[in-house]
Every structure is written in structure tokens, then in C-alpha cells.
Amino acid sequence: MSRCGEELKLRSRLTAAFLALLLTAAAVLFTVPTVTAALDLTAEEARMVQLVNQARADAGLPPLYAEERLTWMARDYSAEMIEYDFFSHDSPVSGGLQQRIEARGITGWRLAGENICKSPTVDSGFNALMNSPSHRENILRPEFNCIGIGIQRGPNGLVITQEFMQFVPIPPTAWMPDEGDQVPGPAPSTGNLFDTWILVMNPGGEPARITVTFQDECGTQQTCRYTVGAFTRFTIPARDNLGSRPAFSTRIESDRPVLAERAMYFDYGGREGGHDTIGATAPSAQWYFAEGYTGCGFDTWILLQNPDERAASVNLEFMREDGRVVSLPVSVAARSRYTVKVNGVPGLEGCSVSTRVTSDLPVVAERAMYFSYRGCGGGHDSIGATSSSTSWFFAEGSVQ
């Protein structure tokens, strides 16, 4: 991503021990360009936002908006530190703070800062951060207006990441607590719960050797290899390989022809259900989705996978029923998954929408929807079509 007139100011980083906790913080300052998407917090993340905003209120400062992309960036970084067993602002996997921001395609901000800590509880972690001058400076910095909290449970307690930013203007992906309510309420239970299963069929008379690669939003890959017997169904529970991972894509390669589907079962904000789709047999430079709705009770997501070794420049064109087209360009890092919440795109509030995805490199695209419809909660998902056609057929249908 090119930037003009960038001024990089790396603030000093400290590592200190408080209450047997490990802490470190940094702030980066430079100018840049604009934004997109929305969010559910876990109970622990909601508690940390509450503590931060209470401290700011006590200091006479305005509260911070909870911002979706910062939240996912923080969650993924906490998970990355656990998975690769390091504790630093400079990752051996995803690089420094500036590199991670660029990889996410986050724009429209002027100032960024990051705190990380290890702690047995949220409250003790917050107290230790406030007792460290550099961490406290980020929490109480007047210029910041958005925050993302990511908390993951490691083998020795919580790993907490706080991402701070000053956006100009504040993006529609940011959420401000109501007056008297210090934090977005957590989703039912401890947040959205998903289980993903990869199902493989080998219809041939010889065993098939398959390689399954999971690719997340940070460009991190995890590869597993299996042998699928002749005339056999084979089941791969993603959780057994990945643990808890909020967002990933899957690539399957086989030495013999096989078939693959992906089934998911979920509790999405209290809407329980499941959905399933066949896989795409190849990436494509274009994808089409006729369905999409952002009205009350519906959330629509476009999910992108870039299996290439290079970053892909992708443009999403959202076509409303009134003929208005809203475009959203995004950069999808190499070997990565990228998530767009259509409800959070400016100009698509409360409307029916179709989507065309075009890319300079072949990518894979799906559309997932979660809904509350006439008292029923659920969700569905579909792979996109790679072209329009003069004929379409549907075997299923009922109006009983």
C-alpha cells in the first residue's frame, strides 16, 4: 500500500512485570488515507473496553469506540503470540504493528498504538497496564478515538492485545456505547460459537493422499496431510487442528480426484443453526452473488480467500434494488482469508443487494448470511457463481 507524506514515530517500548504479569506497549504516528464493517465482543473483551472507558471518563476524556477491524486484529495477534510462543510487538510471522495494519488494509487513520500483556484475569491485566506509564499513556491518549481488544486464553493465562487508533473520520465499523452503558453488550454465552467440518469423498478405487491447508486473516498457514481410502468418506474437524480460530479459509489438494464440502454449525448472536456448501474447484477473477440483505435481523458477509503467493487487489460492487452501485476496493494479502461485513459498508444500510467480486488475481468468494426471520434464527452460505448465464435450475423448492 503506497502512502504519501508518511511520518513514522516509534515510541519507546517497555517490558515490565506487575503482579506476575508480562507487559509491553508501543505507539506509532504517521498520516494516511479511509475505511469499512461491525461486531460482537466476548465477555472478557467487553470487560476490558469497560475498564478502559471508565479510566478515560475519570480522566475527563471521551470514551473510545469499539472498532471491528481493530478487534479482529487484536484477537488474531493474541492468538498468534500463543501459537508461535513469542511475546513482542514484532512478530516473526506478521511483522511489526505498521506491517499488520497494512496487511489488513486499514486506512483513514492518523495515529496508532498497541499494548500487550499476559495476565491471569482481565482486571489484574488492566491494573498492571495502568500502573505502567507507557501503557497508561496509550489508554489515556486524548487523540485516540477507537479501540480493539483481543483476548485469547493461553496455557499460562490470558494473552491480551489492545489496539488503539485515531480515525478521521470515525468509520461506520465503530460502535459507541449508549450513555450510561460503558460497553457493547457481549453476544449470548461468550460470543459467536462456530464448529467447522471438512468432508471429503473418495469415489475412486485407489487411496487418495490429500493436503489440507488452513489460511487465516494474518497470512498464517497450517497444513495437515491425510490418506482417504478407496470408496471412502473422510471427516476433518477443523477445531482438532486449529483450536479456536475466528476466521480461516481452506485449501485441499489431492493426488486423485475427490469431492469436498464444508459444514458449519453455529450460535451466531443467539441464532443457532448450520450451513453447508461444496467447495470451488478453482479460484476465479470474478464471482457473483444475487442474494444479500442488510435489513433488521439480517447480517450479510462476503468471504474472500487468496491462495496466491501475491496480494490480490479485489473490488466489490454492491448493486442495490434502486440501481445504485456501491464499490469497495480491498487488498487481500497472500495466502489469506479476508472478511467483509456488508452491513457495515456505507450506503448499504437496510437494503437488498447483489454483489459482483472482481480481482486482479484469481480468488475464491463465498457469501454467508445470518438472520432472524419471522421468529426463526439461522444462517446460510453459498459459493459464488463465476459467470452469469441464460439458464438456471433449482431442484429444491416448497411453499407449504
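Please read all numbers here as calculations on a predicted model, not as lab measurements. (Residues numbered from 1 in each chain as written. Predicted model: local features only at pLDDT ≥ 70, side-chain atom pairs only at ≥ 80, totals over all residues. Heavy atoms only, no water.)

Chemist: Which residues make up the overall build of the protein, and what values do they have?
Modeler: When helices and strands are tallied, the protein shows six helices and 22 strands. Within the protein, buried positions represent 50% of all 400 residues. Accessible surface, the protein as shown: approximately 18600 Å² in total, 51% of it carbon and sulfur. (Helix = DSSP H or I, 4+ residues; strand = E, 2+ residues; numbered from the N terminus. Buried < 20%, exposed > 50% of the residue type's maximum accessible area, 1.4 Å probe, protein only. Areas by Shrake-Rupley, 256 points an atom, 1.4 Å probe, with all protein chains shown as cover.)

Chemist: Give me the packing of helix α2 (residues 68-83) against helix α3 (residues 97-104): which residues, what numbers.
Modeler: For any two helices packed against each other, one specifies the inter-axial angle together with the distance between the axes. Contact pair α2 / α3: the axes reach a minimum separation of 11 Å and the direction vectors enclose 125°. On the basis of their axis angle, the class for α2 and α3 is oblique. Between α2 and α3 lies a crossing whose hand is right-handed. Where α2 approaches α3, its residues Trp-72, Met-73, Asp-76 and Tyr-77 are matched on the opposing element by Leu-97, Arg-100, Ile-101 and Arg-104. Considering only residue class, the contact of α2 with α3 consists of five nonpolar, no polar and three charged. (Axes fitted to C-alpha atoms, helices over the stretch in contact; angles between N-to-C directions. Parallel < 35°, antiparallel > 145°, perpendicular 65-115°, else oblique. Left-handed = near helix turned anticlockwise from the far one by under 90°. Contact = heavy atoms within 4.5 Å. Nonpolar A, V, L, I, M, F, W, Y, C, P; charged D, E, K, R; others polar.)

Chemist: So what about the layout of surface pockets? Which residues, and what values?
Modeler: When its volume is computed, the second largest pocket comes out at roughly 460 Å³. Those elements that place two or more of their residues in the lining of the second largest pocket are β16 (284-289), β21 (353-373) and β22 (376-383). Counted by class, the lining of the second largest pocket contains seven nonpolar, five polar and two charged residues. (1 Å grid on protein atoms, 1.4 Å probe; cavity = no way out; pocket = protein on both sides within 12 Å on 5 of 7 lines; lining within 4 Å. Points joined across faces, edges and corners; volume = space filled by probe spheres on them.)

Chemist: If you had to explain the packing of aromatic side chains to someone new, which residues and values would you point to?
Modeler: Aromatic ring pairs are reported here in terms of the distance separating the ring centres and the angle at which the planes meet. Scanning the model with the defined rule gives twelve aromatic pairs in all. Between Phe-266 and Tyr-370 the ring centres are 4.9 Å apart and the planes differ by 90°, which places this aromatic pair in the edge-to-face class. Of this pair, Phe-266 sits in strand β14 (residues 259-268) while Tyr-370 sits in strand β21; the two residues are 104 residues apart in sequence, bridging distant segments of the chain. Here Phe-266 falls in the buried class, since its relative accessible area comes to 5%. A relative accessible area of 6% places Tyr-370 in the buried class. Centre to centre, the rings of Phe-298 and Tyr-373 are 6.3 Å apart; their planes meet at 75°, and the pair counts as edge-to-face. In this pair, Phe-298 is assigned in strand β17 (residues 298-306) and Tyr-373 in strand β21, connecting sequence segments 75 residues apart. The buried category is assigned to Phe-298, whose relative accessible area is 14%. Tyr-373 sits in the partly exposed class, given a relative accessible area of 44%. In this structure, Arg-141 packs its charged tip against the face of Phe-144, placed 6.0 Å from the ring centre. (Phe/Tyr/Trp six-rings, centres within 6.5 Å; stacked < 30°, edge-to-face > 60°. Lys NZ or Arg CZ within 6 Å of the ring centre and 35° of its normal.)

Chemist: Describe α2, naming the residues involved and giving the relevant values.
Modeler: When the terminal C-alpha atoms of α2 are compared, their 22 Å separation across 16 residues agrees well with the 22 Å that a helix rising 1.5 Å per residue should span. Burial within α2 is extensive, with 13 of its 16 residues counted as buried. Positive backbone phi, approximately 55°, marks Asp-85, located one or two places after α2. (Expected span 1.5 Å × (residues − 1).)

Chemist: Please give an account of the nonpolar core that cites residues and values.
Modeler: Counting 25 residues, the largest nonpolar core has Ile-302, Leu-304, Val-314, Leu-316 and Phe-318 as its most contacted members. Looking at this core, the elements that each hand over two or more residues are β16, β17, β18 (312-320), β19 (325-332), β20 (336-341) and β21. With six residues, the single largest contributor to this core is β21. Beyond its immediate sequence surroundings of up to four residues, Leu-304 is in contact with Ser-249, Val-314, Leu-316, Val-330, Val-332, Ser-336, Arg-337, Tyr-338, Val-357, Val-364 and Ala-365. In terms of nonpolar packing, the next biggest core, distinct from the first, is built from 24 residues, Ala-55, Leu-61, Val-122 and Leu-140 among them. (Core = buried A, V, L, I, M, F, W, Y, C linked by side-chain atoms within 4.5 Å.)

Chemist: Describe empty space enclosed by the protein, and please don't skip the residues or the numbers.
Modeler: Taken as a whole, the largest cavity holds about 60 Å³ of empty space. Forming the boundary of the largest cavity are Asp-76, Ala-79, Glu-80, Glu-83, Tyr-84, Asp-216, Thr-220, Arg-245 and Pro-246. For the lining of the largest cavity, the element with the most residues is α2, which contributes four residues. A breakdown of the residues in the lining of the largest cavity according to their chemical character gives three nonpolar, one polar and five charged.

Chemist: Lay out unusual backbone geometry in plain terms, naming residues and giving numbers.
Modeler: With an omega dihedral of -5°, the bond running from Val-168 to Pro-169 counts as a cis peptide bond. On the secondary structure map, Pro-169 appears in the loop between β7 (157-167) and β8 (174-175). In this structure, Arg-335 is a non-glycine residue whose phi angle is positive, near 55°. Within the element layout of this structure, Arg-335 appears in the loop between β19 and β20. With a relative accessible area of 24%, Arg-335 lands in the partly exposed category.

Chemist: Give me the lowdown on the pattern of salt bridges, citing residues and values where you can.
Modeler: Between side chains of opposite charge, a pair can form as their charged atoms come close. Tallied over the full model, the rule gives 22 salt bridges. Between Lys-341 and Asp-299 there is a salt bridge, with its nearest N and O atoms 3.5 Å apart. Of the two residues, Lys-341 sits in strand β20 while Asp-299 sits in strand β17, which places them 42 residues apart along the sequence. The pair formed by Lys-341 and Asp-299 is uniform in burial state, with each residue classed as buried. Between Arg-335 and Glu-309 there is a salt bridge, and its shortest N-O distance comes to 2.8 Å. Of this pair, Arg-335 sits in the loop between β19 and β20 while Glu-309 sits in the loop between β17 and β18, and the two are 26 residues apart along the sequence. In the salt-bridge network here, residues are joined through shared partners; they are Asp-76, Arg-104, Glu-217 and Arg-337. (Salt bridge = Lys/Arg side-chain N within 4 Å of Asp/Glu carboxyl O.)

Chemist: Could you give me a rundown of the pairing of strand β15 (residues 271-278), with the residues and numbers involved?
Modeler: As paired strands, β14 and β15 are joined by eight bridges and run antiparallel to one another. Along β15, the bridge assignment pairs Tyr-265 with Gly-274. Hairpin connection of β14 to β15: two residues between the antiparallel strands, including Gly-269 at a positive phi of 55°. (Pairing = 2+ DSSP bridges.)

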